[in-house]
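Understanding the architecture of this molecule
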Amino acid sequence: MDAAIDSILAFISANQDWALWIALIFAAAETTAFLSILIPSTAILIGVGALVSTGELDFTPIWVGASIGAVIGSFFSYWLGWRYGPRVMELRMMQGQRPLVQRGTEAFAKWGAFAVIIGHFFGPLRAVVFVIAGMSRVPLWQFVPVNIAGCLLWAYATPKSGEIGGDILGALWRLITG
């Protein structure tokens with residue numbers, strides 16, 4: 001998996017004009033039920049943030065692309081949950097996610113629609129939180145503002161954490177090497 005992540009980051013570094021679209025695709029995959037289980041999008045977006053730290057990429061297109069992608073993936077997952085309900089959980093890919101579904105259901109019972117924001121930042125829950133929101137029939141008027149806020153915050157914080165980590169490592173390296 002590490003080799004795949006390294007290859008993707010090398011591709012992004014070599015194709016900076018595509019950074020917005022690549023961030024969009026990986027953020028959409030990370031917030032789409034089923035795909036988020038298979039694709040290490042968070043690691044890639046953190047790695048992209050580290051490339052921002054080196055000056056190879058500009059942060060703004062990454063944030064814009066990741067924000068749009070997160071909105072697309074999360075709304076699609078919400079729609080899946082709303083449209084297909086419990087049948088989604090019967091799919092083979094979701095069979096092993098029963099504990100996450102239970103935690104997501106408990107989160108909605110405790111925090112309501114604000115569980116969507118929590119789900120953006122809690123990696124394992126991100127795989128199912130938007131589907132559960134749809135299955136739970138969270139009204140669209142409640143889902144939209146908390147989801148968009150969560151998408152914007154997550155799309156900012158994820159690559160920014162990679163950028164900050166890269167800045168810290170760079171400072172430590174300069175300190176050690178003089």
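Note that the coordinates shown come from a computational prediction; the quantities given were computed from them, not determined experimentally.

It is worth spelling out the overall build of the chain at this point. If you tally the helices and strands in the chain, you get twelve helices and zero strands. Taken against the 2.2 N^0.38 rule, which gives 16 Å for 178 residues, the C-alpha radius of gyration of the chain at 17 Å falls within 12% of a compact globule. With the C-alpha coordinates aligned to their principal axes, the bounding extent of the chain is approximately 55 × 30 × 30 Å. Across the 178 residues in the chain, those meeting the buried criterion constitute 45%. Working note: accessible area of the chain is about 9200 Å², and carbon and sulfur atoms make up 69% of it.

Let us now look at the packing of aromatic side chains. What describes a pair of aromatic rings is the distance from one ring centre to the other and the angle between the planes of the rings. Throughout the structure, instances matching the rule amount to seven aromatic pairs. Ring plane angle 85 degrees and centroid distance 5.3 Å describe the contact between Phe75 and Phe143, whose orientation is recorded as edge-to-face. Of this pair, Phe75 sits in helix α5 (residues 59–84) while Phe143 sits in helix α12 (residues 140–177), and the two are 68 residues apart along the sequence. When its relative accessible area of 0% is taken as the criterion, Phe143 is described as buried. Here the aromatic rings of Tyr78 and Trp82 are separated by 5.9 Å at their centres, their planes lie at 35 degrees, and the arrangement is tilted. Remark: Trp82 and Tyr78 occur in helix α5; sequence separation between them is four residues, near one turn of the helix.

Along the polypeptide, Lys160 turns up in helix α12. Overall, Lys160 belongs to the buried group, its relative accessible area being 19%. Side chain to side chain, Lys160 and Glu163 meet in a polar contact 2.9 Å long.

Parameters and conventions
Residues numbered from 1 in each chain as written. Predicted model: local features only at pLDDT ≥ 70, side-chain atom pairs only at ≥ 80, totals over all residues. Heavy atoms only, no water. Helix = DSSP H or I, 4+ residues; strand = E, 2+ residues; numbered from the N terminus. Rg over C-alpha atoms; globule rule 2.2 N^0.38 Å. Buried < 20%, exposed > 50% of the residue type's maximum accessible area, 1.4 Å probe, protein only. Areas by Shrake-Rupley, 256 points an atom, 1.4 Å probe, with all protein chains shown as cover. Phe/Tyr/Trp six-rings, centres within 6.5 Å; stacked < 30°, edge-to-face > 60°. Polar contact = N/O pair within 3.5 Å; in protein donor to acceptor, adjacent residues only side chain to side chain.

These figures come from the coordinates and say nothing about function on their own.
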